[in-house]
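Chain by chain, the residues:
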Amino acid sequence: MSEAFWQAKIQGLLYDFDLNKLRQYSGDEAQPFLNALQPIEPSSHLLNAHLITEASDRAVLNAAKLRVNGSNLKIAHLLSGAELPLSLESSTYNSLKRGSGEDGVSGNTGNGQIDSKQQFWWLWRCLPQAISQQLGDESLLMPAATVLPDASVWSHASLTAALAGALTGYERPSQPALTTSHPYLATFSFTPIQELIKASRKMRDFWAGSWVLHYLSAKICWKLAQIYGPDCLIYPSLYQQPLIDHWLLEEVQKRKWQSFTSWVEQPSDRALLTAGFPNVIVALLPKAEVRKAMQTARQTLMDEWSRTTPSAENSSIGHLVFQELERRRWMPKLRETNKTWSSWLEAQWQTYWTALPVGIEGVDLVNKAIPETQANVLKKWSEQLNHVCNLKDKPEQLQEELFLPQETQFIQAVYQKDPSVSVNVGSWWPYIFDQLRFAATSGKSCRVWKLPTAFVPRSTISGFGPVVCPNPEQHHLTERDTDECWQRHAGLFDGIEELNATETLKRGLHKVLPRMLFPKEPHRWTERLPESYPDLSSGVAGWLRTHPENIDYFLNACEDIKKNFDWTINPQEPNDEPPATLPWGIPWVAQHYPQWPNSRILNAGWVIDDFQPTNPKPGELFTRDAQKRIRQAELRQVEARIAKHFPPGNNPTDWYVLAAGDGDGMSQWLKGERLKDYQDYMPAAPERSDLADPETQSIHDTFDVFKTLKKRMGPSTHNALSRALLDFSNQLVPYLTEQRYAGRLIYSGGDDVLAYTNLWEWDSWLWDIRQCFRGADDPSQNPADRFRSEGDYWQWDSLEPPEEAEGKLHPRFTIKRPLFTMGHQATLSFGIVIAHHSVPLAIALENLWAAEEKAKAHKYQQCQKDAVQVRVLFGNGNILKSTSKLKVFNQWRTLLTYEKSTIDGAIFEQAAQLWNQHPAPSIEAIEFWTIAFCDRRDIFKDNPLAKRDFQQNLTAYLRALSLTTPEAQQDDEIQNWFKLTAFILRNRDIDITLRKAS
């Protein structure tokens, strides 16, 4: 272990803090870790790390000693600049900060009881929690600087630690200690040669593909964090990541470290099963370690995916799934070394990495040539960095040239007061980061790999890769040969489909999850993790949640199916799980109604997958054709029985809904292109004290000009954004999807959302997510289930748990402090697919991402994105596409809220037909069109108030849709939205009145 490396990181992490005050405010349990620290003299590496992390803009602001008014702290939203007051007093905050007169910095361990690595891990992960327990949860949001409070002091400290380690260098036993090192930003990514997520037949395949990518990325991050520290991961942030916390607690137990459990809770199974890690990783490393780290990342990926020789404590996903298939005696002759298994898995991933120095090697990272007499030195140094960062010198692009004259004047004014002031490469951070992304993209575009040749029949789902079969030497297998191999269900397959090794692995993943997640807890290996995936029929949960009066009818229908088809409740083979006993995969059901039978038994097309024909004449050959005939006969009987309760076209399992959303223009935010002026992030105008001093007067005068410049995305702010996004993706989105609504979150990482929802709730869920993303008002009307919006953060209105009788429990995984959203300036775009149950999932997924792309391409009068495209995929192959801005979408939702007795789907079908024949010739004519339309509807004859209200809402919606849609598309869009409205209203109305009567 590199002692100097870890010591430097500890010093960097604590540079801003007063050690005595940390001891005072952290509680008794934290004392063993803090008492081991002793003050030491800061090194040049540490000082440079601190300056670079702050970036030259904030560092000069601090050096200017500008005083900020107010007794309580305020934070400015990282992106929008919205102001959020904190209850924490400024005096407490100032006492935590290291005083300017101190000569030393805390960081050297003084005894051998706690090694430096353990010390750093505790300080990084637990110290913020220990402080928050004493000062309140809001202390986690304490700003790094009061004059520009746009970044958390904890994320600032984390990045300072990473830079201090990168500048110090990583000492290994085989190499001498480095006297200096250069920090590098490195990015590692991996992609499958076969589409891993879209090649799915069942929801368990879809969920497994997303989770595998997440798990492998988390394993890579965890491995790098163990070697170089968790702070080195710039993206994704590892702080409070469920899988990382889970593995950290395992590591604590393994190494017998002093307990972390007072500050790190074991994540829930649900949190562990929600994907959130991206397949792109960015790390800050010493130059000498970049290649080794990238090799470690690639080796970790391959080991965790398909290593055939498992370690004592950890087996690869491929090995565990193969063991499960062996246990189920699926293909007795299949071996793990078989080429159709091992060779395809080994060829599954392609890896890419690139790295760039922070600044220029051989050129100082910090420049003190501030005086006007040395302006040429500073200009030459700046031009070198401008060139490296691809910043141009053209007059029309002066806003991309660092430094601008107004900024230089302010820096020089501060220099007259404090000659230690300097500028550094931190000001070029967003451009260095952008160059890294550009280099990574360029590398990916040069891919030259080819798919391996398959000498056997290919997958029936994707058409890629050889079908798994146990004949490694026979290269000319026929479809008949593979058909015989795949006849066994083994509780995972339907006897008809044939999959390649990757698809087979995904299908069996849920069976090995307990062993993957809890390798040291054998008693949990036989557990079923019930919330791992939903079924395509699980949308019934939305119907029952919004129409609780139908619960008894649903349960009676399920009982009738179970009574007439005993294979729905009794296993046909030892390893089978009967369909009625399968988990829903919907947290709302698992929390409130865990005993409900699975809704798939109400859908003949899906439940028949779980039926295994038996030979009526034992001892005779049971051909595949004979099995097919028995299956078809059973299917007809199941369909007839289900139709007694839910006739065709009136079944709540008929449609499934998927949603994919992505933040708009994130690259622009990261480059700082969409940020506001500095003054918009400053909570109050600094006091003008001691103006008799000409130097102080000059600072204030130049500051008044400087604050009107656009703020840059400095290193500390960038790192804070990476950590803050976890509030949105790990806290708010899971709650809205799985607690407020009866959905299931598939992936939520950063600004990306992928979810399974239902026909009855998808529109309300989408609008809630949109409002949450922007930090706007919460649409919820339930006081016990409502967030208040302030400063573009969301926080619980009521911190007290609501009464259990209300059917909702306060979520344990959502914390009390204000939670970060992207702010009111941010937008996102969504693709929504509503697919008939007969539409293959793979086709629905293709349309899902196509819909998202079309939403992002939706443009009117320079206003791009911030839109949604809804696609309805009918069983006959027809597709209905409807696109609009999300604001207009919310107006459309008002048309769905009328009572059935007032408005039904027929009126919108008539509107679509009439608009097709006689559309309003202009926007001004829309009101007259809607008046004429409503006047001719019999449904309004006896209800003039309803007619007026409907006519006004319809007019407002059509005008808004027309104003935000290109003229050439207006008629088609209006007609399509009419058709979508009619479709939604008709299919949400599951009519069971006649069945109840009979």
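Computed from a predicted structure; not experimentally measured. (Residues numbered from 1 in each chain as written. Predicted model: local features only at pLDDT ≥ 70, side-chain atom pairs only at ≥ 80, totals over all residues. Heavy atoms only, no water.)

**Student:** Help me out: how do you make sense of the overall build of the chain in this one?
**Tutor:** Scanning the chain from terminus to terminus reveals 35 helices and 21 strands. Over its C-alpha atoms the chain spans a radius of gyration of 31 Å, differing by no more than 12% from the 30 Å that the globule rule assigns to 998 residues. With respect to the principal axes defined by its C-alpha atoms, the chain has extents near 95 × 75 × 55 Å. A total of 998 residues make up the chain; the buried ones form 60% of that total. (Helix = DSSP H or I, 4+ residues; strand = E, 2+ residues; numbered from the N terminus. Rg over C-alpha atoms; globule rule 2.2 N^0.38 Å. Buried < 20%, exposed > 50% of the residue type's maximum accessible area, 1.4 Å probe, protein only.)

**Student:** Help me out: how do you make sense of the environment of tryptophan 207 in this one?
**Tutor:** Examined against the element boundaries, tryptophan 207 turns out to sit in helix H9 (residues 203-228). For the pair tryptophan 207 and threonine 902, spaced 695 residues apart in the sequence, the C-alpha separation amounts to 40 Å. Setting aside residues up to four positions removed in sequence, tryptophan 207 forms contacts with Leu273, Leu509, Leu513, Ser532, Tyr533, Arg744 and Ile746. A polar atom in the side chain of tryptophan 207 sits 3.2 Å from the backbone oxygen of leucine 273. (Contact = heavy atoms within 4.5 Å. Polar contact = N/O pair within 3.5 Å; in protein donor to acceptor, adjacent residues only side chain to side chain.)

**Student:** For this particular structure, what's the right way to read the sheet that holds strand S12 (residues 744-749)?
**Tutor:** In sheet architecture, strand pairing relies on hydrogen bonds along the backbone and comes in two forms, parallel and antiparallel. With respect to topology, six strands assemble into an open sheet ordered S12-S13-S11-S17-S20-S21, the strand pairing being mixed. Pairing within the sheet leaves two strands with one partner each, and these edge strands are S12 and strand S21 (879-885). Averaged over all pairs of adjacent strands, the angle between their axes in this sheet comes to 10°, without regard to strand direction. Looking at chain direction, strand S20 (residues 867-873) and S21 are connected through seven bridges and run antiparallel. Paired with valine 872 across the bridge in S21 is leucine 880. The sheet contacts of helix H27 (residues 715-740) involve S12 and strand S13 (752-757), and relative to S12 the element is tilted by about 160°. Against the sheet, helix H29 (residues 841-857) touches strand S11 (655-663), S13, strand S17 (828-836), S20 and S21, its axis set at about 150° to S17. (Pairing = 2+ DSSP bridges. Axes fitted to C-alpha atoms, helices over the stretch in contact; angles between N-to-C directions.)

**Student:** How do you make sense of the packing of aromatic side chains when you look at a structure like this?
**Tutor:** Inspection of every chain in the model, using the stated rule, returns 60 aromatic pairs. Each ring, one from phenylalanine 206 and one from tryptophan 849, has its centre 6.5 Å from the other, and the planes form 80°; the classification is edge-to-face. With phenylalanine 206 in helix H9 and tryptophan 849 in helix H29, this pair connects stretches of sequence that are 643 residues apart. Since its relative accessible area comes to 0%, phenylalanine 206 is described here as buried. Of the aromatic side chains, those joined through ring pairs into one cluster are Trp121, Trp124, Trp207, Trp211, Tyr215, Trp222, Tyr239 and Trp247. When the ring centre of tryptophan 247 is taken as reference, the NZ or CZ atom of lysine 219 above it lies at 4.4 Å. Against the face of tyrosine 681 rests lysine 711, its NZ or CZ located 4.7 Å from the ring centre. (Phe/Tyr/Trp six-rings, centres within 6.5 Å; stacked < 30°, edge-to-face > 60°. Lys NZ or Arg CZ within 6 Å of the ring centre and 35° of its normal.)

**Student:** What exactly am I supposed to notice about helix H31 (residues 905-917) here?
**Tutor:** Residues spaced three or four apart along an α-helix face the same direction, because each turn holds 3.6 residues. The end-to-end C-alpha distance of H31, which contains 13 residues, comes to 19 Å, matching closely the 18 Å that a straight helix rising 1.5 Å per residue would cover. Looking at H31, one finds that the buried residues are Gly905, Ile907, Phe908, Ala911, Ala912 and Trp915. Axial view of H31: buried residues confined to an arc of 155°, hence all on one face. For H31, the secondary structure elements touched by its buried residues are helix H32 (926-935), helix H33 (944-963) and helix H34 (970-988). (Expected span 1.5 Å × (residues − 1). Arc of directions from axis to C-beta.)

**Student:** Would you take a moment to explain the sheet that holds strand S15 (residues 793-796) for this structure?
**Tutor:** Ordered in space as S14-S15-S16, the three strands form an open sheet in which the pairing is antiparallel. Lying at the two open borders of the sheet, with one neighbouring strand each, are strand S14 (787-790) and strand S16 (819-820). Here S14 runs beside S15; their pairing, made up of four bridges, is antiparallel. Directly across from serine 789, in S15, lies its bridge partner tryptophan 794.

**Student:** Sorry if this is basic, but what is going on with unusual backbone geometry here?
**Tutor:** It is generally the case that most residues other than glycine have a negative phi and that most peptide bonds are trans. Cis geometry marks the peptide bond from tyrosine 235 to proline 236; its omega dihedral reads -5°. Topologically, proline 236 is positioned in the loop between strand S6 (233-235) and helix H10 (242-255). In this structure, glutamine 240 is a non-glycine residue whose phi angle is positive, near 60°. Among the residues examined, glutamine 240 registers a relative accessible area of 25% and is labelled partly exposed.

**Student:** Honestly, the pairing of strand S7 (residues 280-286) in this entry has me stumped. Any pointers?
**Tutor:** The side chains of a regular strand alternate, first on one face of the sheet and then on the other. Extensive coverage of S7 is indicated by the burial of six of its seven residues. As defined by bridge partners, strand S5 (residues 183-192) adjoins S7 across seven bridges and the pair is classed as antiparallel. Bridging across to S7, alanine 186 finds its partner in alanine 283.

**Student:** Even after reading the chapter, I still don't get the pattern of salt bridges, so can you show me in this structure?
**Tutor:** Two side chains carrying opposite charge are able to pair once their charged atoms lie near each other. Summed over the entire model, instances satisfying the criterion amount to 42 salt bridges. Across the pair aspartate 245 and arginine 125 runs a salt bridge whose closest N-O atoms are separated by 2.8 Å. Taken as a pair, aspartate 245 in helix H10 and arginine 125 in helix H6 (residues 116-125) lie far apart in primary sequence, 120 residues in all. One exposure class covers both aspartate 245 and arginine 125, and it is buried. (Salt bridge = Lys/Arg side-chain N within 4 Å of Asp/Glu carboxyl O.)

**Student:** What am I meant to see in the packing of H31 against H32 here?
**Tutor:** The axes of two packed helices give the description: the angle between them and the distance between them. Between H31 and H32, the shortest axis-to-axis distance is 12 Å and the interhelical angle comes to 130°. Classified by the angle their axes make, H31 and H32 are oblique. For the crossing formed where H31 meets H32, the hand is right-handed. Residues Ile907, Gln910, Ala911, Leu914 and Trp915 of H31 pack against Ile926, Trp929 and Phe933 of H32. Taken together, the residues of the contact of H31 with H32 break down into seven nonpolar, one polar and no charged. (Parallel < 35°, antiparallel > 145°, perpendicular 65-115°, else oblique. Left-handed = near helix turned anticlockwise from the far one by under 90°. Nonpolar A, V, L, I, M, F, W, Y, C, P; charged D, E, K, R; others polar.)

**Student:** How should the side chain of asparagine 650 be read in this particular structure?
**Tutor:** Its place among the elements puts asparagine 650 in the loop between helix H24 (624-643) and S11. From its side chain, asparagine 650 meets the backbone oxygen of aspartate 991 in a polar contact 2.7 Å long. If we ignore the near neighbours within four places in the chain, the residues touching asparagine 650 are Asp989, Ile990 and Asp991.

**Student:** Before we go on, may I ask you to explain the side chain of lysine 97 in this structure?
**Tutor:** If you trace the backbone, lysine 97 turns up in the loop between helix H5 (90-96) and strand S4 (105-109). Judged by relative accessible area, lysine 97 falls into the buried class, the value being 17%. Residues contacting lysine 97, with those up to four places away along its chain left out, are Asp16, Phe17, Asp18, Ala144 and Val153.

**Student:** Help me out: how do you make sense of the environment of threonine 623 in this one?
**Tutor:** In this fold, threonine 623 is placed in the loop between helix H23 (604-607) and H24. Among the residues examined, threonine 623 registers a relative accessible area of 32% and is labelled partly exposed. As a C-alpha pair, threonine 623 and glycine 165 span 458 residues in sequence and 67 Å in three-dimensional space. Side-chain polar atoms of threonine 623 contact the backbone nitrogen of alanine 626, separated by 3.1 Å.

**Student:** Explain the environment of arginine 528 to me, please; I cannot follow it from the model alone.
**Tutor:** Among the structural elements, arginine 528 can be located in the loop between helix H19 (501-517) and helix H20 (540-546). Judged by relative accessible area, arginine 528 falls into the partly exposed class, the value being 44%. Between the C-alpha atoms of arginine 528 and threonine 146, which are 382 residues apart in sequence, the distance is 50 Å. Not counting residues within four places of it along the chain, the set of residues in contact with arginine 528 comprises Glu577, Thr581, Leu582 and Pro583.

**Student:** Teacher, can you tell me more about the confidence of the model for the chain here?
**Tutor:** Detailed reading of predicted coordinates is not advised where the pLDDT is low. Across the chain, pLDDT averages 87, with 92% of residues at or above 70. This stretch, residues 394-399, has a pLDDT under 50; its non-local contacts, to residues over four places away or in other chains, come to three contacts. (pLDDT = per-residue confidence, 0-100.)

**Student:** Even after reading the chapter, I still don't get the pairing of S21, so can you show me in this structure?
**Tutor:** Across the seven residues of S21, five count as buried, placing the element largely inside the fold. Connecting the antiparallel pair S20 and S21 is a turn made up of five residues, with glycine 877 showing a positive phi of about 100°.

**Student:** I'm lost on the state of the cysteines in this one. Help?
**Tutor:** Cysteine pairs can be covalently joined through their sulfur atoms, and such a bond is termed a disulfide. According to the stated counting rule, one finds zero disulfides in the structure shown. Cysteine cysteine 469 remains unbridged, with the sulfur of cysteine 485 as its closest cysteine sulfur at 5.9 Å. (Disulfide = S-S within 2.5 Å.)

**Student:** Hey, could you run me through the packing of H32 against H33 in this one?
**Tutor:** For the pair H32 and H33, interaxial distance at closest approach is 9 Å and the crossing angle is 145°. Here the hand of the crossing between H32 and H33 comes out right-handed. The residues of H33 that touch H32, namely those facing Ile926, Glu927, Trp929, Thr930, Ile931, Cys934 and Asp935, are Lys947, Phe950, Gln951, Leu954, Thr955, Leu958, Arg959 and Ser962. Looking at the contact of H32 with H33, its residues break down into seven nonpolar, four polar and four charged.

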